[in-house]
Amino acid sequence: MRITVLGSGTSTGVPEYKCGCSVCLDAADVSSKNYRTRPSVHVELDGKHLQFDVGPNFIDQVNHNRIEWIDAVIYTHCHADHVSGTNDLVMPSRKQQMDMPIYGPEQTIQILERNFNYMFSKDTFKGGGVAHLLPHVVNRNFQLHNFEIIPIPVEHGTVDTFGYRINNFGYVPDVKHMPDSSLQLLQGIDLLIIDALSFNPNHPTHLGVQQAINIANHLQPEQAYFTHIMHQLDHRCFHQQCKDQQINLPENVYLAYDGQVIYI
Ligand SMILES: [Zn+2]
Ligand SMILES: [Zn+2]
Ligand SMILES: [Zn+2]
């Protein structure tokens, strides 16, 4: 399995608009690992290409990372940083000459059908410039091509939100609390990519670094990477930052970065 981290940033991206902090100044250079677009990953497995979330940076992310095919889109939830690039599925759909299957929680599919209603009707689709989406509501494990995809229900404010597991990979970009039953579904994974917004443990809808480490320590994957990262966390000195916060960063836990490719 080949996993490309298309975006590792929180909903604002990094740099934050008009922020003069050291991380944001460093992130003005787009080749810096501190430069973070909105969260998304692309998974290639057995010759199939799965796109997780389609945020506002989507089309630049796939172009920049030379993603050349998308067989299906899987949405974690309906927040704008995960869905607002949906209109740009027009290019993959057109080049591949196919309608685009999409999967997600019922609430997400409903909001997509409302906000992008023209993408669900063959009539508006006739004039070109519009992709046609084939919606699938996810509420339990489902089969996509030859592999099983397991939705992982998580608490993330009031929005119905899934992480997902495919084989030994778990992706949970937006989570405040993971119920025990969901942790169970992730047992035995080799790679975890999980939300760690900042050092703040009291954010209402996202994990802080210590809480994300606790989940990694519980699940014991071979490698864990943090995503959905705010400007507080600095790639250049993350180990030192953790020390300063009296946080014990395990050796196999890292910050993800845009354009990172991980093989498992
Ligand atoms: Zn900043
Ligand atoms: Zn969210
Ligand atoms: Zn988000």
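Just above sits the structure.
Residues numbered from 1 in each chain as written. Chains lettered and ligands numbered in written order. Predicted model: local features only at pLDDT ≥ 70, side-chain atom pairs only at ≥ 80, totals over all residues. Heavy atoms only, no water.

A.B. asks: Just to check I follow, could you spell out the coordination of the zinc ion (ligand 2) for this structure?
C.D. replies: Think of it this way: four donors in a tetrahedron around the metal ideally sit 109.5 degrees apart, and six in an octahedron ideally sit 90 or 180 degrees apart. Here the zinc ion (ligand 2) is held by the protein donor atoms His77 (NE2), His79 (ND1), His156 (NE2) and Asp174 (OD), which lie 2.1 to 2.4 Å from it. For the zinc ion (ligand 2), the four donor atoms are set out with angles of 92 to 172° between them, so the coordination reads as irregular. Counting residues between consecutive donors of the zinc ion (ligand 2) along the chain gives the motif H-x1-H-x76-H-x17-D. The metal-metal distance between the zinc ion (ligand 2) and the zinc ion (ligand 3) is 3.3 Å, with Asp174 coordinating both. Here His77, found in the loop between β4 (72-74) and α3 (80-83), pairs with His156, found in the loop between β8 (147-154) and β9 (161-166); they are 79 residues apart in sequence, far enough to count as distant. Taking relative accessible area as the criterion, His77 reaches 0% and is therefore assigned buried. His156 sits in the buried class, given a relative accessible area of 1%. (Donors = N, O, S within 2.8 Å, 3.2 Å for Na, K, Ca; no water. Tetrahedral: all angles 85-135°; square planar, octahedral: opposite > 155°, others 65-115°. Helix = DSSP H or I, 4+ residues; strand = E, 2+ residues; numbered from the N terminus. Buried < 20%, exposed > 50% of the residue type's maximum accessible area, 1.4 Å probe, protein only.)

A.B. asks: Got a minute to help me understand the coordination of the zinc ion (ligand 1) in this structure?
C.D. replies: Coordination of the zinc ion (ligand 1) by the protein comes from Cys19 (SG), Cys21 (SG), Cys24 (SG) and His231 (ND1), over a distance range of 2.1 to 2.3 Å. One can describe the donor arrangement at the zinc ion (ligand 1) as tetrahedral, given that its four donor atoms subtend angles of 106 to 114° at the metal. One chain supplies every donor for the zinc ion (ligand 1), spaced along it as C-x1-C-x2-C-x206-H. Residue Cys24 is located in helix α1 (residues 22-26), and its partner His231 is located in the loop between β12 (223-227) and α8 (238-244); the two are separated by 207 residues in the primary sequence.

A.B. asks: Help me understand the pairing of strand β11 (residues 191-195) in this model?
C.D. replies: Consecutive residues of a regular strand have side chains that alternate between opposite faces of the sheet. Burial of β11 is extensive: five of the five residues sit out of reach of the surface. Sheet topology places strand β10 (residues 169-172) next to β11; four bridges connect them, and they run parallel. Residue pairing for β11: Val172 is matched across the bridge by Ile194. Handedness of the β10-helix α6 (residues 180-185)-β11 crossover: right-handed. Where β11 meets β12, five bridges bridge the pair, whose relative direction is parallel. When the bridges of β12 are listed, Leu191 appears paired with Gln223. Following the chain from β11 across helix α7 (residues 209-219) to the adjacent parallel β12, one finds a crossover that is right-handed. (Pairing = 2+ DSSP bridges. Right-handed = clockwise from strand over helix to strand, strands pointing away.)

A.B. asks: Would you take a moment to explain the packing of aromatic side chains for this structure?
C.D. replies: Each aromatic ring pair is described using two quantities: the centre-to-centre distance and the angle formed by the ring planes. Scanning all chains against the criterion turns up nine aromatic pairs. Taking 6.0 Å as the distance between ring centres and 70° as the angle between the ring planes, the aromatic pair formed by Phe162 and Tyr164 counts as edge-to-face. Comparing Phe162 with Tyr164 shows no difference in burial state: the two are buried. A ring pair is formed by Phe199 and Phe238, whose centres lie 6.2 Å apart and whose planes are at 20°; its orientation type is stacked. Within this pair, whereas Phe199 is found in the loop between β11 and α7, its partner Phe238 is found in helix α8, the two being separated by 39 residues in sequence. Residue classification places Phe199 among the buried residues on the basis of a relative accessible area of 11%. Among the aromatic side chains, those forming a connected cluster through ring pairs are Phe52, Phe162, Tyr164, Phe169 and Tyr171. (Phe/Tyr/Trp six-rings, centres within 6.5 Å; stacked < 30°, edge-to-face > 60°.)

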